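Structural overview
Next come the chains, spelled out residue by residue.
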Amino acid sequence: MTCDEARERIPFYAARALPKPEGAALLEHVVGCELCQGELVEAMRLGHELRAAFARLPGPPAGTWLSVAARTVGASLLAVGVGAEIAGLTLAVEATKSGFSVTGSLSLLGREVPVLRI
Amino acid sequence: MADDRDLVGQVARGNGRAFRALYERYADRVFRYALTLLRNRHLAEEVVQETMVAVWNGADKFEGRSQVSTWIFGIARHHAYRIGRGEVKGERVPDEEGESPDPALMVEQEVRVQRAVAGLPPDQREVVFLAFYAGLPYEEIARVQGVPEGTVKSRMFHAKKRLAEELRP
Ligand SMILES: [Zn+2]
């Protein structure tokens, strides 16, 4: 492997996105080449920083799943364990002709208390 | 834990729980990918919705010739470009600068890194995301972008060079 070929592959190696056989061939070159060693160290540091920065980006809003589910799995599966996130609160969504009705209830000492209807 | 292919197979048979599991596995990554491409949270959410609906509808056509992640990012890319061009609502979409999380909540270096990534040409930004964050091998990135592998390598080479220069301590 030449230095040019190694330089092309180093960022992918640092990204853990290089197929194994190519990674092995790359390391064989890097072991004997100080310049590429420096490149690899720099790419690994950069990779670490990039992963951290991307991981800080937000995720989709919580309601996105409901919108997706309404268009796919349908109403039956929309009761998706919101209760697991907010203790005692369960949500049920029913399909109606005019759209979806969302009802929620709060389990208090074994009694179901309806808390919302949209 | 079921692997991605098992989940897609179950989704193809209409299994809602498998679909929910696949959503949990991919929603964040697809959202961040769309955010990297479009830099707009509302549009990125739209991309997640359209992508996951397409996954539900198309799971039975997934042939397994590529990784599931390649397939899903490919769908997301298609919708991101469609939505980014404003085809969905017929309106031109502004490029929202600073559509990243509140800088006050982030350490300084992460802000620098995100700014440096945002400053790359879109094709390079995308390669950096798909390789470093999504962990796609370069031949899979080539499939997602629909370009030869050599193009992906050269985009990465230039992106890495520029990022390293800008972020050198
Ligand atoms: Zn070398």
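Each value, and the rule that gives it
- Residues numbered from 1 in each chain as written.
- Chains lettered and ligands numbered in written order.
- Predicted model: local features only at pLDDT ≥ 70, side-chain atom pairs only at ≥ 80, totals over all residues.
- Heavy atoms only, no water.
- Helix = DSSP H or I, 4+ residues; strand = E, 2+ residues; numbered from the N terminus.
- Contact = heavy atoms within 4.5 Å.
- Areas by Shrake-Rupley, 256 points an atom, 1.4 Å probe, with all protein chains shown as cover.
- Donors = N, O, S within 2.8 Å, 3.2 Å for Na, K, Ca; no water.
- Tetrahedral: all angles 85-135°; square planar, octahedral: opposite > 155°, others 65-115°.
- Buried < 20%, exposed > 50% of the residue type's maximum accessible area, 1.4 Å probe, protein only.
- Salt bridge = Lys/Arg side-chain N within 4 Å of Asp/Glu carboxyl O.

Some words on the overall build of chain A
- Counting secondary structure elements, chain A contains five helices and three strands.
- Shown N-terminal to C-terminal, the secondary structure of chain A runs as helices and strands in the order α-α-α-α-α-β-β-β.
- Residue pairs in contact within chain A that sit at least 24 positions apart in sequence constitute 27% of those at least 6 positions apart.
- Element-wise, carbon and sulfur atoms account for 59% of the exposed surface of chain A, whose accessible area totals about 6,800 Å².

Re the coordination of the zinc ion
All names here are of chain A.
- For the zinc ion, the full set of protein donor atoms is C3 (SG), H29 (NE2), C33 (SG) and C36 (SG), and the range of their distances to it is 2.1 to 2.3 Å.
- One can describe the site at the zinc ion as tetrahedral: its four donor atoms subtend angles covering 102 to 120° at the metal.
- Summarised as a motif, the one-chain spacing of the donors to the zinc ion is C-x25-H-x3-C-x2-C. Linking C3 in helix α1 (residues 3-14) with C33 in the loop between α2 (20-31) and α3 (34-55), this pair joins segments that are 30 residues apart in sequence.
- Look at C3 and you get partly exposed, because its relative accessible area is 31%.
- Relative accessible area serves as the criterion here: at 11%, C33 is assigned to the buried category.

Description of the pattern of salt bridges
- As enumerated under the stated definition, the model contains 15 salt bridges over all chains in all.
- We note a salt bridge from D4 of chain B to R25 of chain B, for which the minimum N-O separation is 2.7 Å. A residue pair is termed long-range when its members are at least 10 positions apart, and D4 of chain B in helix α1 (residues 4-12) and R25 of chain B in helix α2 (residues 16-38) qualify at 21 residues.
- Overall, R25 of chain B belongs to the partly exposed group, its relative accessible area being 23%.
- K161 of chain B is paired through a salt bridge with E165 of chain B; the nearest N and O atoms lie 3.9 Å apart. With K161 of chain B and E165 of chain B both in helix α8 (residues 149-167) and four residues apart, the pair spans about one turn of that helix.
- Judged by its relative accessible area of 46%, K161 of chain B falls in the partly exposed class.
- For E165 of chain B, a relative accessible area of 46% translates into the label partly exposed.
- Each of E39 and E42 of chain A together with K160 and R168 of chain B takes part in salt bridges that share partners, so that together they form one network.

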